Structure formats: structure tokens, C-alpha cells
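Now for the letters of each chain:
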Amino acid sequence: MNGCIFCKIANGEIPSNTIYEDDAFRVILDNGPATKGHALVLPKAHYSDLFEMPEEAAADAMKVAKKVAALLKTKLNCDGLNLVQNNGETAGQTVMHFHLHVIPRYENDGQKILWNPTSPSAEELVDIKNKIVGTV
């Protein structure tokens, strides 16, 4: 896609701190990292979000994330790891090119990935389930 910054980075038109690359993906260090080693899995093909991405490419993105996670665990000795993937502005997506955050976590790193739990009733949960999968 013309003008997409992540397309240009993923395809090597703009320099980046690349930590992994194959035919379909480039993984770079985030320029505004949450923690040391925070990386972005970028497909070289343009997909605005998960909904545009073919199923096989989405599966491949997770396989790349797994490789990178193992690399970060081994090389940076992180205590844990978050995978974060936002779709749409409402969900926090700021660059409209699919990307998967691989965020190493360290004890007392000060970062939090949180939501405010709600308390739906059992009936509300059944209603939501039925809307998603249909009634039995």
C-alpha cells in the first residue's frame, strides 16, 4: 500500500532494528518500547488488520511470534511475555498495518496490560453466547 510506513519498514525501504526476517515477515524492535526487547511482527504484505489477513498469514504471524519469543527469552532472560495485537482505533491500533507486539516482561518493569472486569449475569453470558454461535 502506497504511503504505509510499516509496508516500507517491512520491505526494507526504511531502516529498522531488525531482529528476524523471512520471506513473509520482518520483526523489528519498537522505537517506543514498553520494555527492553519489545518487538513488532510485521507482514511484508499489507493487511490493515486481522480481519483483512488471510488465515494462513495469521497463523504464520503467530509462528514467527513464537520464534521471536523464544529468542527474547533466551537472549534477554525475560521473566514472561505478552503478545498484543490491536484491531481498529477503538482497540488502540495507531498504524493501520497489521502488527503483533511481542513484549518481554521483567519483574517490576512497571508495565501493565489491564482491563476492568465486568460482572455479567449468567443469563447475559448465555444471551451473548447465543448471539455468537446461535441457539441450540
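Further up the page is the structure itself.
Position numbers for residues count from 1 along each chain, tracking the sequence in the order it is written. Owing to the predicted nature of the model, reporting of local features is limited to residues with pLDDT of at least 70; listing and counting of side-chain atom pairs is limited to 80 or more, with chain, interface and lining totals taken over all residues. For side-chain calculations, the full set of non-hydrogen atoms in the structure is used, while hydrogens and water are omitted.

Chemist: Looking at this structure, I do not really get the overall build of the chain. What am I missing?
Modeler: Strands are runs of DSSP state E lasting at least 2 residues, helices are runs of H or I lasting at least 4, and numbering of each runs from the N terminus. The helix and strand inventory of the chain stands at three helices and five strands. Going residue by residue from the N terminus, the α and β elements of the chain occur as α-β-β-β-α-β-β-α. Principal-axis analysis of the C-alpha atoms gives the chain an extent of 50 × 40 × 25 Å. Accessibility here uses a 1.4 Å probe with only protein chains present; expressed as a share of the type maximum, an area under 20% marks a residue as buried, one over 50% as exposed, and anything in between as partly exposed. The 136 residues of the chain split such that 32% are buried. Should any heavy atoms of two residues lie within 4.5 Å, those residues are considered in contact. In the chain, 54% of the contacts between residues at least 6 apart in sequence involve partners at least 24 apart. Accessibility throughout is a Shrake-Rupley quantity obtained with a 1.4 Å probe, and a residue counts as covered only by protein chains that appear here. For the chain, the accessible area works out to roughly 9,000 Å², and carbon and sulfur atoms hold 54% of it. A residue counts as positive if it is Lys or Arg and as negative if it is Asp or Glu; His and the chain ends are not included. To locate a charge, the coordinates of NZ of Lys, CZ of Arg, CG of Asp or CD of Glu are taken. Side chains of the chain give 13 positive and 17 negative charges; the mean places of these two sets differ by 7 Å.

Chemist: Mind showing me how you'd approach helix H3 (residues 122-133) here?
Modeler: Since the α-helix advances by 3.6 residues per turn, residues separated by three or four positions end up pointing in the same direction. The end-to-end C-alpha distance of H3 is 16 Å, a good match for the 16 Å that twelve residues give at a rise of 1.5 Å each. At the C-terminal side of H3, Gly134 shows a positive phi close to 90°. In a helix, the anticipated span is given by 1.5 Å times the number of residues less one.

Chemist: I tried to follow helix H2 (residues 55-76) on my own but got confused; where do I start?
Modeler: The terminal C-alpha atoms of H2, which comprises 22 residues, lie 31 Å apart, in line with the 32 Å expected from a rise of 1.5 Å per residue. Every buried residue belonging to H2 is among Ala57, Ala61, Val64, Ala65, Val68, Ala69 and Leu72, and all of these are buried. One face of H2 carries all of its buried residues, which in axial projection span an arc of 150°. Exposed residues lying more than 90 degrees from the buried face of H2 are Glu55, Glu56, Lys63, Lys66 and Thr74. The secondary structure elements touched by the buried residues of H2 are strand S1 (18-21), strand S2 (25-29), strand S3 (39-43), strand S4 (80-84) and strand S5 (100-105). Residue Asn77 follows H2 closely and has a positive phi angle near 55°. Summarising the geometry, the arc corresponds to the directions from the helix axis toward the C-beta atoms.

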